[in-house]
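Spelled out, the chains give:
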Amino acid sequence: MTPPELNLRGDLWIGRDCLARGLDLRAAAGRWTCLLGPSGVGKSTLGRLVAGLPGSARLGRADFASLRGQVAVMAQQDQLLPWASALQNVTLGARLRGAAPDVARARDVLDQVGLAGLHDRRPAALSGGQRQRVALARTLIEDRPVVVLDEPFSALDAGTRAAMQDLAAQMLSGRTVLLITHDPLEATRLAHSAWLLTADGSRPLHLPDMSPPRHVRDPAVLVAQAAIFEAMSCSSAA
Amino acid sequence: MTIVRAFVTASVALLLWQALVWGTGLPPFILPGPLRVAGALATYAPMLLENARFTAANLLVGLTAGVALGLLTALNLAASPVARGLMRPMLVAAQAVPVFALAPIVTLWLGYGAASKIVMVMLVVHFPVASVLFDALMRLPQPLEDLLHSLRARPMRALLLVRLPHALPALGSGLRLAAVHAPFAVIVGEWVGSSRGLGHLMLMANGRGQTDLMFAALVVLALMGAALFALVDLLQRWTERGRP
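We now turn to the structure provided with this report. Predicted, not measured: the structure shown is a model, and the values here were computed from it.

Here is what the cut-offs are and how they apply
Residues numbered from 1 in each chain as written. Chains lettered and ligands numbered in written order. Predicted model: local features only at pLDDT ≥ 70, side-chain atom pairs only at ≥ 80, totals over all residues. Heavy atoms only, no water. Helix = DSSP H or I, 4+ residues; strand = E, 2+ residues; numbered from the N terminus. Buried < 20%, exposed > 50% of the residue type's maximum accessible area, 1.4 Å probe, protein only. Contact = heavy atoms within 4.5 Å. Core = buried A, V, L, I, M, F, W, Y, C linked by side-chain atoms within 4.5 Å. Patch = residues over 30% accessible without salt bridge, like charges linked within 9 Å, V, L, I, M, F, W, Y side chains within 5 Å. Areas by Shrake-Rupley, 256 points an atom, 1.4 Å probe, with all protein chains shown as cover. Salt bridge = Lys/Arg side-chain N within 4 Å of Asp/Glu carboxyl O. Axes fitted to C-alpha atoms, helices over the stretch in contact; angles between N-to-C directions. Left-handed = near helix turned anticlockwise from the far one by under 90°. Nonpolar A, V, L, I, M, F, W, Y, C, P; charged D, E, K, R; others polar. Pairing = 2+ DSSP bridges.

1. Some thoughts on the overall build of chain A
Assigned secondary structure in chain A consists of eight helices and nine strands. Expressed along its principal axes, the backbone C-alpha trace of chain A runs to roughly 50 × 40 × 30 Å. Burial analysis of chain A (238 residues in total) assigns 52% to the buried set. Of the contacts made within chain A by residues no fewer than 6 positions apart, 69% connect residues no fewer than 24 positions apart.

Okay, structure coming up:
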């Protein structure tokens, strides 16, 4: 399973509305690529396109059919089934496809994301951070080469968010990850490359040289974060 | 506390009722007082019980069969676009016919026994359960639809593993509606033609001017309705377990 490279090029349309013109960005194979930009510019739309989710969106003449079945999605809402245990939620994909779920592996993945001893809890009995860990485990067990993360950590408190970022960076390394976020710090910490999306196109953002996940206290991270913050402020003022 | 309050409310209502009977001097064949009704309940207890058993059995069998049929209809409609195209207009059109107006025909075809009452109950229960459940099956929140899509779920599996459990609380509301309609249907069935049951007993008592027996039958019927509601309430709480 070699993760593919993603080339996202063209005008982004949803129905008859053009959200962004002349996008031109690349998500390197096996790397984390971050999309930043003001609300409504179509970051999530782009994520849905890559993930092959139904909708009226299209990007230039791009065809994502070759990615079918290769993309896993993790979104802001954990989308856990409230009546099912953590373990049952993780094995949901296999059961939905009519395959025998690999329970041993599911338990293993749940342990890896730090939920040892909580396998049989229902979502209501888990914290927000723990629920996102279950969602991450459900994403991991699908073992897809491409992962779209659509603001998966934005509803978490700062401490939990940092822990989840580190965990995701570790568990998803080696896959082509498209991270959609509003948070300059998140982009600076996690991405190998980052792009700013506006209605007039896309441009690369500068990131520190060391490899992610980068530490919050690193001065280079803080400087890069400030620069991204300024770039985002300019783009939304324009 | 709730029991005490219910007891107080009931006592006050009974006192008012008795006061009304004494105050207006209405004859017992128009409005029997609560004491007289209590007397009738005691006197006719075996007869009331036997008829209540017949009515309750038909009610429960009809309700169960109607809910099962409604469930199957909803699942079938949700599973197959062809079934949706063919059956849905028919179902809606069928609702234009008041089910109670069908009672004479049902009785003509199925006779004076239990079958016609059971079918009457099934007819009124089927539609609310089927339509409420079908709507819920088709209205999964978009994020969950996305999840099904990205997990490449088979449609039948998605229906049974995600859509149906998600729609269970709606089935609970459907059951509530069913529990309201079902006693109507069983009594109408008995009024149209029956030799047993509380509805039959009421008609007979009415014909003989035994108003106290009519009221006694009504009391038993009310108790039956309350028990049915408690049961449905229990079922509904079960369907909502684990939900936030």
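2. Some remarks on the nonpolar core
Residue and element names in this part refer to chain B. Membership of the largest hydrophobic core comes to 51 residues, with the highest contact counts inside it found for L48, M120, V125, L137 and L198. Elements with a contribution of two residues or more to this core: α2 (34–43), α3 (45–79), α4 (81–94), α5 (103–110), α6 (114–138), α8 (155–192), α9 (198–207) and α10 (211–239). Residues in contact with L198, not counting those within four places in the same chain, are L48, N51, A52, T55, E190, A217, V220, L221 and M224.

3. What to know about a nonpolar patch on the surface
On the surface, a nonpolar cluster with roughly 500 Å² of combined accessible area is contributed by V4, F7, V8, V12 and L16 of chain B. Checked against the element boundaries, F7 of chain B lands in helix α1 (residues 2–24).

4. Section: the interface of chain A and chain B
Where interface size is given, it is often the accessible area lost as the parts come together that is meant. With 23 residues of chain A in contact, the opposing surface of chain B contributes 22 residues. Applying the counting rule to chain A against chain B returns one salt bridge. Across the pair R48 of chain A and D146 of chain B runs a salt bridge whose closest N-O atoms are separated by 2.5 Å. Taken together, the elements giving at least two residues each to the side of chain A that touches chain B come down to β5 (71–75), α3 (92–96) and α5 (128–142) of chain A. Ranked by residues supplied to the side of chain A that touches chain B, first place goes to α3 of chain A with four residues.

5. Structural notes on the packing of α3 of chain B against α10 of chain B
Residues and elements named next belong to chain B. One way to put it is that α3 packs onto α10 with a least axis distance of 11 Å and a crossing angle of 35°. Crossing geometry of α3 relative to α10 is assigned as right-handed. Residue-level contacts link L48, A52, T55, A56, L59, L60 and L63 of α3 to L213, A216, A217, V220, M224 and L228 of α10. Residues of the contact of α3 with α10, tallied by class, amount to twelve nonpolar, one polar and no charged.

6. Focus on the sheet that holds β5 of chain A
Residue and element names in this part refer to chain A. The six strands lie next to each other as β5-β6-β7-β3-β8-β9, forming an open sheet whose pairing is mixed. Looking at which strands have only one partner, the edges of the open sheet turn out to be β5 and β9 (201–205). Each strand of the sheet is rotated relative to its neighbour by a mean of 20°, with strand direction disregarded. Judged from the five bridges that link them, β5 and strand β6 (residues 146–150) form a sheet pairing that is parallel. When the bridges of β6 are listed, V73 appears paired with V148.

7. What about unusual backbone geometry?
Cis rather than trans, the peptide bond between P212 of chain A and P213 of chain A has omega equal to 0°. Tracing the backbone shows P213 of chain A in the loop between β9 and α8 (219–237). In this structure, E151 of chain A is a non-glycine residue whose phi angle is positive, near 45°. Residue R152 of chain B is not a glycine yet carries a positive backbone phi of 55°. If you trace the backbone, R152 of chain B turns up in the loop between α7 (142–150) and α8.

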